[in-house]
Amino acid sequence: MYGVNSSAAPLPVPAPQDPARLFRTGTAGPGAADRRGAGAAAPVCPHRVARWAIGEGLRAGDAVALLVQELAQAEAMRLGLTRLGLRVTCLDGSRLGDAPTDSLSLSGAALVIVDTALAQAYAGLMGQLSAYPPVWWNGPGADFASLDLALAELA
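Residues numbered from 1 in each chain as written. Predicted model: local features only at pLDDT ≥ 70, side-chain atom pairs only at ≥ 80, totals over all residues. Heavy atoms only, no water.

Observations regarding the packing of helix H2 (residues 46–55) against helix H3 (residues 71–82)
- It is the contact of H2 with H3, at a shortest axis distance of 7 Å, that shows an interaxial angle of 50°. Regarding the angle of H2 to H3, the classification is oblique. Viewed along their axes, H2 and H3 form a crossing whose handedness is right-handed. Contacts between H2 and H3 involve Pro 46, Val 49, Ala 50 and Ala 53 from the first element and Ala 76, Met 77, Leu 79, Gly 80 and Leu 81 from the second.
- Broken down by class, the residue content of the contact of H2 with H3 amounts to eight nonpolar, one polar and no charged. (Axes fitted to C-alpha atoms, helices over the stretch in contact; angles between N-to-C directions. Helix = DSSP H or I, 4+ residues; strand = E, 2+ residues; numbered from the N terminus. Parallel < 35°, antiparallel > 145°, perpendicular 65-115°, else oblique. Left-handed = near helix turned anticlockwise from the far one by under 90°. Contact = heavy atoms within 4.5 Å. Nonpolar A, V, L, I, M, F, W, Y, C, P; charged D, E, K, R; others polar.)

Written out as structure tokens, the structure is:
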């Protein structure tokens, strides 16, 4: 096979387009900010969400409604909540009409987690519900009941 005195030619290595990117890998480095985007949301840990839910007094069988825009965050929250046996209802903030209102009222949610970017969509549901569950806000700009701050305290 191929030994020390092999006649196999080495594979040619293409020259990099940008010499500064030669050894820059992963999310660290000067170009990382533009890859992640300026509005990138902080990662959510399912374990912290579960610990937070226990602290809020939620128990197996309770329902939680999610109105979260980013799929990765919604999935992490759903995973953390379902670990405790909670029922999770994901609401669609882009739909108009009675569908989100019906989903929220039929779920019997004990708590609602809403993205601050979808505050207008959630405000459109107000006035159409017979009971209003407590709201926790996810994302920047929340002055009170901020899920981000609550999860950061559990770190």
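Section: H2
- All of the buried residues in H2 are Pro 46, Val 49, Ala 50, Trp 52 and Ala 53. The buried residues of H2 occupy an angular sector of 165° when projected down its axis, which confines them to one face.
- Residues of H2 that are buried in the fold lie against H3, strand S3 (111–115), strand S4 (135–138) and helix H6 (147–153).
- Within two residues after H2, Gly 57 carries a phi angle of roughly 90°, on the positive side. (Buried < 20%, exposed > 50% of the residue type's maximum accessible area, 1.4 Å probe, protein only. Arc of directions from axis to C-beta.)

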